[in-house]
Amino acid sequence: MTLNTDGMEVSARGSLNGQAPRCEHVDISPVAQQGLPQCAGCLVLGLAWTRLLACLTCGWVACSDDSPGTHAREHYRETDHPVVAALEPEPAWRWCYVHERPV
């Protein structure tokens, strides 16, 4: 069974809570070796970040949306790499920019 979400064919496999379709971007994202635990964009601009996220496609590390630079979202806009994961202390948290939700 498939669901049509925003014109996309999505598999009906359940998420961890069994309520929403699983995000297929998690399945297609290779787990890349992450870069240094710092946001290069923030370092250049002299900004402090709130949380760091690692791109699961290429390993790029950048600051989250609750940081002043929002460099992880900027990376998504430039590359279309859909899924990021939080670095410490929440390594299990992942976000899909395409679906705008945790996965």
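Okay, so let's go over this structure. (Residues numbered from 1 in each chain as written. Predicted model: local features only at pLDDT ≥ 70, side-chain atom pairs only at ≥ 80, totals over all residues. Heavy atoms only, no water.)

Digging into the environment of Ala48
1) Next: In this fold, Ala48 is placed in the loop between helix H2 (40–45) and strand S3 (52–55).
2) Next: Counting along the chain gives 20 residues from Ala48 to Pro68, while the straight-line C-alpha distance between them is 7.5 Å. (Helix = DSSP H or I, 4+ residues; strand = E, 2+ residues; numbered from the N terminus.)

Comments concerning unusual backbone geometry
In most cases, non-glycine residues show a negative phi, while peptide bonds are predominantly trans.
1) Next: Located in the positive-phi region is Thr70, a residue other than glycine, with phi close to 45°.
2) Next: Positive phi values are uncommon outside glycine, yet Asp80 reaches one of about 65°.
3) Next: Here Asp80 lies in the loop between helix H3 (71–79) and strand S5 (83–86).
4) Next: Residue classification places Asp80 among the exposed residues on the basis of a relative accessible area of 57%. (Buried < 20%, exposed > 50% of the residue type's maximum accessible area, 1.4 Å probe, protein only.)

Side note on the pairing of S3
1) Next: Judged by which residues are buried, S3 turns out to be covered on both faces: Leu52 and Ala54 on one side and Leu53 and Cys55 on the other are all buried.
2) Next: By the bridge criterion, three bridges tie S3 to strand S4 (residues 61–63) in an arrangement that is antiparallel. Its bridge partner being in S4, Leu52 is matched across the sheet by Cys63.
3) Next: Between S3 and S4, which pair antiparallel in sequence order, lie five residues; one of them, Gly59, sits at a positive phi of approximately 90°.
4) Next: Of the pairings in the sheet, the one linking S3 to S5 comprises three bridges and is antiparallel in character. (Pairing = 2+ DSSP bridges.)

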